[in-house]
Amino acid sequence: MLHNLNAKKTLILSLTAIVLVLAFKAFSQAPALWAEHLPNPDSYTKLVLVRDWQASTGYQYMARDGGPSGSYLHWSAVHTWAMQQLTWGLQGLGLSRDKALLLAGGGLTLSSLMLLYLFGILAILRQGGRLAALATLLALMTSQGLNAYGQLVQITHHIFMLVPLAAAAWLILGQASAQQPSLGKTSRTQNTRAIIRPTLLAGLCLGLSLWISPETMPLITGLVALQTSLRLQYPDGSRCWPMALGLCALLLAGWLTDPPPPTFSPWALDHLSLAWLGWGGVLALLLCLADQLATWPGQTLISRAGWISLAALIGGGLWLTLTPGALNGPAGLLPTELQTLWWNHINELRPAGKPSEILAWVAMPLLAGILLLRQSIKIRCLWWGVLALTALAYAGLAAWHMRMGAAAALTGALAWGVWLSKKAAFHQQNPGNLPVHTQHQAALLLMAPVLIMLLSILSAAIEKNWDRPNDAPQACKLADIADSLNALPPTTVLISLNDGPRLQWFTHHRTLAGNYHHNTQGILNVYHIWRAQDDDTQARTLVKQQHIGALLVCANAQAKGTRLAARLARGEAPNWVQTPKTIDGWYWYPVL
């Protein structure tokens, strides 16, 4: 199969593997999707956001979230708009609205995963790595960071936002492979077009990814640094100013089309805003400076790198200092009380602490980054070093917040593929003709991501046996009582934060707050009510102020403590609610 492994055959083998993997994901998870059983509350919020969309309120407004007045989300319009278009198309084919929404959301996630795989392969193929491209695909497919979000039942933007970044990496690495003297054989006009077009498209891709989610900012910075390092090391190669132009143009278009919602600051850090226009401007200036440094006579690569690094430190420092809230970090968007009660308990924001988590999220980008950095120092290749440092930075980010594992998987796979692409067994057309010991080494390197994945699974199984068993969870599913709840008049329901989006999807009721930090006061009110002790004065006041009509809790006779949530779960009704109505394992408490 690996005989005469040219680029075309590599691409065919890769596409075959991609189709098989995505088909397995689709068929294995289709029953859960069709039954509307989604593991992530964000998926239900996205479904409700698209289903309840009104042109007058835009793509971020949740009319039935945030108590009686509604609330705005920080998600951008790009993913929502794409999902809406797919939904309308599927409805035109005869699907019901809800089924069309589910299929559009799940299909968009798998389609994004397919494109991410494809761009990763193409990026390494441009480096001349044939077997290395297959190794890169294997690293992507076995990444638990990507697989956590790359599922049919994950209707979120976490894979969608990485597709423009993967495309930009393909374009930039293609420019890296084009830094050859043979480029001068074509006409000057063709040279100019060949140099400008990819970097302009890469800049547009970087701007699009930031518009989708500012969470992509570290990887955008890394890719800009990658382009800058290419320009400094190969002064006659790709120009940087087209990337600056594309980045700024897309950011400006996104800001004009999708500005921060009404309740947001114009400098909001979790939505495309003035803060990110300023940050894009800093990157654009650094890119243009790189073009100037490349033309300065008598400058060595070390001096050019030193000047651009100094400028980056000054520009980054000014942006961090002048942008409101930039130095506070993600948790700085919240009051201290909410950081303790809520933020620190969000599963995907936890650090990777267990051995299985470190293996799953950190090991591959860490290994690839170290190997590529070592080789970059050996051969004195600046852009290899920048890519290696980007992978290592994302290994650290994934260790800090497991949510960053998907982007870490992409950077790690690219660094892994670039490192392998220069090894004899990974770029030759006939690796089977190499000595046996070389083939054995290549097989071990090829299977390294699989071994890391298997070690992670084994470690997780051991850790599960070591953990103390918890009380058996209550089988309370909102889908089971949806018909009963929809038979009741619509009202504002107090329910747990994670169940709030599910309640909005399955019923016509409103919720006080979902799991979204811009509804800060709503989330605080939920905690203050549920955590009320024997004296329910504050809880009663908040219930009245927020016009809450009912409280819904999962029945649990073993619930311990004196907090209101535990008492309600035991069926102990305070004097300001009616006797609970039992609905398939749930208690429904109408407020007096």
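Treat the numbers as computed from the prediction; the structure is a model and nothing was measured. The written sequence of each chain sets the order in which its residues are numbered from 1. Residue-level local features of this predicted model are given only where pLDDT is at least 70; pairs of side-chain atoms are given and counted only at 80 or more, and the full residue set underlies all totals for whole chains, interfaces and linings. Only hydrogens and water are set aside; all other atoms, that is, all heavy atoms of the structure, feed into the side-chain values.

K.L.:
Which parts of the structure should I look at to understand the sheet that holds strand 5 (residues 548–554)?
P.N.:
Strand pairing in a sheet takes place through backbone hydrogen bonds and is either antiparallel or parallel in direction. Being paired, for any two strands, means DSSP has found at least two bridges between them. Starting at the N terminus, helices and strands are each numbered in turn, a helix being any DSSP run of H or I of at least four residues and a strand any DSSP run of E of at least two. An order of 4-3-5-7-6 is seen for the five strands of this open sheet, with the pairing classed as mixed. Since the sheet does not close on itself, it has two edges, and those belong to strand 4 (510–511) and strand 6 (581–583), each with one partner. Across three bridges, strand 6 lies against strand 7 (residues 586–590) in antiparallel orientation. Across the sheet, K581 pairs through a bridge with W588, a residue of strand 7. Docked against the sheet, helix 22 (residues 520–530) engages strand 3 (492–494) and strand 5, running at close to 65° with respect to strand 5. Residues are treated as being in contact if the distance between any of their heavy atoms lies within 4.5 Å. Note on definitions: angles span 0 to 180 degrees between N-to-C directions of axes, and those axes are lines fitted to C-alpha atoms, for helices only across the stretch in contact.

K.L.:
What exactly am I supposed to notice about the packing of helix 10 (residues 241–257) against helix 11 (residues 274–295) here?
P.N.:
A pair of packed helices is captured by two measures, namely the crossing angle of their axes and the spacing between those axes. Where helix 10 meets helix 11, the closest approach of the two axes is 8 Å, and the angle between their N-to-C directions is 170°. Looking at the two axes, helix 10 sits roughly antiparallel to helix 11. Contact residues: helix 10 offers W241, M243, A244, L247, C248, L251, L252 and W255, while helix 11 offers L274, W276, L277, G280, L283, A284, L287, C288 and D291. The classification used treats Ala, Val, Leu, Ile, Met, Phe, Trp, Tyr, Cys and Pro as nonpolar, Asp, Glu, Lys and Arg as charged, and all other residues, Gly among them, as polar. A breakdown of the residues in the contact of helix 10 with helix 11 according to their chemical character gives 15 nonpolar, one polar and one charged. Roughly parallel covers angles under 35 degrees, roughly antiparallel covers those over 145, roughly perpendicular covers 65 to 115, and oblique covers all other angles.

K.L.:
Any chance you could explain the nonpolar core here in plain terms?
P.N.:
Nonpolar side chains tend toward joint burial in soluble globular proteins. Core analysis: the largest hydrophobic core is formed by 147 residues, its most contacted members being W383 and L552. Setting aside its immediate chain neighbours within four residues, L552 contacts L478, I481, L485, V493, L494, I495, L503, W530, W586, Y587 and W588. If you look at the next biggest cluster of nonpolar residues, it comprises 31 residues, including L494, I523, L524 and L568. Nine residue types can take part in a nonpolar core, namely buried Ala, Val, Leu, Ile, Met, Phe, Trp, Tyr and Cys, and a core is a set of them joined through side-chain atoms within 4.5 Å. Relative accessibility under 20% of the residue-type maximum defines a buried residue, over 50% an exposed one, and the middle range a partly exposed one, all with a 1.4 Å probe and only protein chains included.

K.L.:
Is there a simple way to explain helix 15 (residues 382–400) in this structure?
P.N.:
Along an α-helix, a turn takes 3.6 residues, which lines up residues three or four apart on a common side. With 19 residues, helix 15 ought to run about 27 Å at 1.5 Å a step, and its terminal C-alpha atoms sit 27 Å apart, in line with that. Within helix 15, the full set of buried residues consists of W383, W384, G385, V386, L387, A388, T390, A391, Y394, A395 and A398. Residues of helix 15 that are buried in the fold lie against helix 7 (163–177), helix 9 (217–233), helix 14 (355–379) and helix 16 (405–421). Helix span, as expected, comes to 1.5 Å for every residue beyond the first.

K.L.:
Just checking my understanding: could you explain the state of the cysteines for this structure?
P.N.:
Two cysteines joined by a covalent bond between their sulfur atoms form a disulfide. Cysteine sulfur atoms are paired as a disulfide whenever they fall within 2.5 Å. Scanning the model with the defined rule gives one disulfide in all. Covalently, C476 is tied to C554 through a disulfide, its sulfur atoms 1.8 Å apart. One disulfide, between C476 and C554, carries an S-S torsion of 65° and so falls in the right-handed class. Of the two residues, C476 is situated in the loop between helix 19 (448–466) and helix 20 (482–486) and C554 in strand 5; the sequence distance between them amounts to 78 residues. In this structure C288 is not part of a disulfide, and its nearest cysteine sulfur, from C248, lies 8.1 Å away. Residue classification places C288 among the partly exposed positions, given a relative accessible area of 33%. Here C381 stays free of any disulfide, with the sulfur of C240 as its closest cysteine sulfur at 15 Å.

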